[in-house]
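Letter by letter, the chains look like this.
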Amino acid sequence: MAETEKEPKKKGGLVKKLLVPVLLVAVLGGGGAAAGFFAAGMVGGGEHEDPNAPKVVLKDGTTVSAKAAGLKQPGEGSKLDAKFKVTYFPIEEPFTANLRGDTGFAQMSLAVSTYFDDKITVALTDHNIAVRSAVLMTISEFDAMQLESLEGKEQLKDKIKDVVNATLTEKTGFGGIEDVYFTSIVVQ
């Protein structure tokens, strides 16, 4: 009776051979994706700040990043004058523009305010021509009737603030204008 006993076949050998590489690819791929998202600032560390971006100036004169100061988006009406130092910057030359629909013209002088350091005022000076062009185009979208009312002037201020921030962002990578002020305005 010398029967040779055969070893029973192991079940699942094929499954194990396929499962290990699939799990390995999933773990490595997932780890790579997580590292990529972290590096892109989408998880973990949050957004990486531009070291060249202007800093917010606090009342005591110290400067911090916009993120550290809790300022999410410059120019969105944060109105945190009690916390930050406000810098006013007059735009030297007045603006004269024809109004929409041949209803006359407007001449005005403007000033802006910012909570940021002098990088904003330097950017306004460096990109004066682009800012002036954008402001003149914005003024010409209004008609005399609109600019006779306080509401119309407020709308113009808001649009000018948006267009100046957009122009600065396009040219320098950051905006930073919190408000626009009319220092003189004549509509004829």
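Going by the structure above, here's the rest.
Overview of the structure. (Residues numbered from 1 in each chain as written. Predicted model: local features only at pLDDT ≥ 70, side-chain atom pairs only at ≥ 80, totals over all residues. Heavy atoms only, no water.)

1. Quick word on the overall build of the protein chain
Then, number 1: Across its full length, the protein chain holds six helices and six strands.
Then, number 2: N-terminal to C-terminal, the α/β element order of the protein chain is α-β-β-α-β-β-β-α-α-α-α-β.
Then, number 3: Residue burial in the protein chain is summarised as follows: out of 188 residues, 30% are buried.
Then, number 4: Surface summary for the protein chain: the accessible area is close to 12400 Å², and the carbon and sulfur share equals 59%. (Helix = DSSP H or I, 4+ residues; strand = E, 2+ residues; numbered from the N terminus. Buried < 20%, exposed > 50% of the residue type's maximum accessible area, 1.4 Å probe, protein only. Areas by Shrake-Rupley, 256 points an atom, 1.4 Å probe, with all protein chains shown as cover.)

2. Re the pattern of salt bridges
Then, number 1: Counted under the stated rule, the structure contains three salt bridges.
Then, number 2: Close ionic contact of Arg100 with Asp143 constitutes a salt bridge, the shortest N to O distance being 3.2 Å. One end of the pair, Arg100, is in the loop between strand 4 (95-98) and strand 5 (105-114); the other, Asp143, is in the loop between helix 4 (128-139) and helix 5 (144-148), with 43 residues separating them in the sequence.
Then, number 3: Accessibility expressed as a relative area gives 17% for Asp143, which makes it buried. (Salt bridge = Lys/Arg side-chain N within 4 Å of Asp/Glu carboxyl O.)

3. Focus on helix 6 (residues 150-172)
Then, number 1: In a regular helix each residue adds 1.5 Å, so 23 residues correspond to 33 Å; helix 6 covers 32 Å between its end C-alpha atoms and thus fits that length.
Then, number 2: Taken together, the buried positions of helix 6 are Gly152, Leu156, Lys157, Ile160, Lys161, Val163, Val164, Asn165, Thr167 and Leu168.
Then, number 3: In this structure, the buried residues of helix 6 make contact with strand 5, helix 3 (119-126), helix 4, helix 5 and strand 6 (177-187).
Then, number 4: Directly after helix 6, the chain includes Gly173, whose backbone phi takes a positive value near 100 degrees. (Expected span 1.5 Å × (residues − 1). Contact = heavy atoms within 4.5 Å.)

4. Some thoughts on the packing of helix 4 against helix 6
Then, number 1: One way to put it is that helix 4 packs onto helix 6 with a least axis distance of 9 Å and a crossing angle of 150 degrees. Accordingly, the angle class assigned to the pair helix 4 and helix 6 is roughly antiparallel. For the pair helix 4 and helix 6, the sense of crossing is right-handed. Listed contacts from helix 6 to Ala130, Val131, Ala134, Val135, Thr138 and Ile139 of helix 4 are Leu156, Lys159, Ile160, Val163, Val164, Thr167, Leu168 and Lys171.
Then, number 2: Across the contact of helix 4 with helix 6, the residue classes break down as ten nonpolar, two polar and two charged. (Axes fitted to C-alpha atoms, helices over the stretch in contact; angles between N-to-C directions. Parallel < 35°, antiparallel > 145°, perpendicular 65-115°, else oblique. Left-handed = near helix turned anticlockwise from the far one by under 90°. Nonpolar A, V, L, I, M, F, W, Y, C, P; charged D, E, K, R; others polar.)

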